[in-house]
Amino acid sequence: MKITIIYDNEVWKEGLRADWGFSCLIEAYGKKILFDTGSNGFILLDNMRKLDIDPLEIDAVFISHFHWDHIGGLADFLSINPAKVYIPLSSDEPQGAGKTIKVKEYVKIFENIFSTGELDDIEQSLVIKTVVGLVVIAGCSHPGVKNILKAASKLGKVYALIGGLHGFRDFHLLEDLELVCPTHCTQFIPEIKLRYPDKYVKGGAGKVIEI
Ligand SMILES: [Zn+2]
Ligand SMILES: [Zn+2]
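Please read all numbers here as calculations on a predicted model, not as lab measurements.

Moving on, we get to the overall build of the protein chain. Tallying secondary structure elements over the protein chain gives five helices and 13 strands in all. For a compact globule of 211 residues, the expected C-alpha radius of gyration is about 17 Å, and the protein chain comes in at 15 Å, within 12% of that figure. On the principal axes, the C-alpha backbone points of the protein chain span a range of 45 × 40 × 30 Å. When each of the 211 residues of the protein chain is scored for burial, the buried share is 55%. As displayed, the protein chain offers around 9300 Å² of accessible surface, 49% of which is attributable to carbon and sulfur atoms.

Written as structure tokens, this is what we have:
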């Protein structure tokens, strides 16, 4: 499987734009899922174009939570591709979606691809089963990394955690993971890097992680 960070507070690949927010493309098991949409539709679509990602090839959109820096580009994306959108139950229905699926409990999205379900009445994370273990993608981790990892662990052993880890400082929780890409709103990236130099992967718009 392949994860491409499209939208992030920092840039990985020259030519892309950094902006506060998060979005990534997940390509796994023949499906393409757009995870979150950043703050701004223009930057989202421009970065997608520069990464050779065709919006029309996206099979579904997965929205982690309804904060502006994750849904800001949703309307512009849906005006091009009115795709199926998975949102947490507590969210408002987005305009222009082909179909909206409100998620409360853990649910299968595609074969081997799941939502943790809405945690703490705010946010869901995406979980992809791979041969090496589970890959967990988080938006801001408002329910807490501990809760997210616990929810994901019902499906197996977590191999990787990628995304925004807002307020996270229980660094020992990452002990059993093999790969951590803390990005977007993570405050303690230097601490995570220092403690886990072999697991740490730097994020940024344009970063590609293949697992
Ligand atoms: Zn947030
Ligand atoms: Zn955020």
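Next comes the rest of the description.
What follows covers the coordination of the zinc ion (ligand 1). The zinc ion (ligand 1) binds to the protein through His65 (NE2), His67 (ND1), Cys140 (SG) and His142 (NE2); the donor distances cover 2.1 to 2.6 Å. For the zinc ion (ligand 1), the four donor atoms are set out with angles of 91 to 173° between them, so the coordination reads as irregular. Read N to C, the donor residues that coordinate the zinc ion (ligand 1) are spaced as H-x1-H-x72-C-x1-H. Judged by its relative accessible area of 0%, histidine 65 falls in the buried class. Taking the relative accessible area as the measure of exposure, histidine 142 reaches 28% and is therefore partly exposed.

Here we come to the nonpolar core. Counting residues in hydrophobic clusters, the biggest one holds 25 residues, and the most contacted among them are Ile26, Leu126 and Ile137. For this core, the element with the most residues is strand E2 (residues 23-28), which contributes three residues. With residues up to four places along the chain from it excluded, the contact list for isoleucine 137 reads Ile3, Phe22, Cys24, Ile26, Phe35, Ser125, Leu126, Ile128 and Ile162. Membership of the second largest hydrophobic core comes to 24 residues, among which are Val145, Leu165, Leu173 and Leu177.

Coordination of the zinc ion (ligand 2) by the protein comes from Asp69 (OD), His70 (NE2), Cys140 (SG) and His184 (NE2), over a distance range of 2.1 to 2.3 Å. In this structure, the zinc ion (ligand 2) is surrounded by four donor atoms whose angles at the metal cover 88 to 155°, and the resulting shape is irregular. Ordering the donors of the zinc ion (ligand 2) by residue number gives the pattern D-H-x69-C-x43-H.

What follows concerns the packing of aromatic side chains. What the rule picks out here adds up to five aromatic pairs. Ring plane angle 20° and centroid distance 5.5 Å describe the contact between phenylalanine 35 and phenylalanine 62, whose orientation is recorded as stacked. Taken together, the residues span a long stretch of sequence, with phenylalanine 35 in strand E3 (residues 31-35) and phenylalanine 62 in strand E4 (residues 60-62) at a distance of 27 residues. A single burial state applies to phenylalanine 35 and to phenylalanine 62, both of which are buried.

Next up on the list: the pattern of salt bridges. The full count for this structure, using the stated rule, is eight salt bridges. Linking glutamate 10 and lysine 202 is a salt bridge whose minimum nitrogen-to-oxygen distance equals 3.3 Å. One end of the pair, glutamate 10, is in the loop between strand E1 (2-7) and E2; the other, lysine 202, is in the loop between helix H5 (189-195) and strand E13 (208-210), with 192 residues separating them in the sequence. Classification of glutamate 10 by relative accessible area gives partly exposed; the value is 45%. Accessibility expressed as a relative area gives 35% for lysine 202, which makes it partly exposed. Lysine 50 is paired through a salt bridge with aspartate 46; the nearest N and O atoms lie 2.9 Å apart. Highlighted residues: lysine 50 and aspartate 46, both in helix H1 (residues 41-50), separated by four residues, approximately one helical turn. Residue lysine 50 is classed as partly exposed on the basis of its relative accessible area of 36%. Classification of aspartate 46 as buried rests on a relative accessible area of 9%.

Each value, and the rule that gives it
- Residues numbered from 1 in each chain as written.
- Chains lettered and ligands numbered in written order.
- Predicted model: local features only at pLDDT ≥ 70, side-chain atom pairs only at ≥ 80, totals over all residues.
- Heavy atoms only, no water.
- Helix = DSSP H or I, 4+ residues; strand = E, 2+ residues; numbered from the N terminus.
- Rg over C-alpha atoms; globule rule 2.2 N^0.38 Å.
- Buried < 20%, exposed > 50% of the residue type's maximum accessible area, 1.4 Å probe, protein only.
- Areas by Shrake-Rupley, 256 points an atom, 1.4 Å probe, with all protein chains shown as cover.
- Donors = N, O, S within 2.8 Å, 3.2 Å for Na, K, Ca; no water.
- Tetrahedral: all angles 85-135°; square planar, octahedral: opposite > 155°, others 65-115°.
- Core = buried A, V, L, I, M, F, W, Y, C linked by side-chain atoms within 4.5 Å.
- Contact = heavy atoms within 4.5 Å.
- Phe/Tyr/Trp six-rings, centres within 6.5 Å; stacked < 30°, edge-to-face > 60°.
- Salt bridge = Lys/Arg side-chain N within 4 Å of Asp/Glu carboxyl O.

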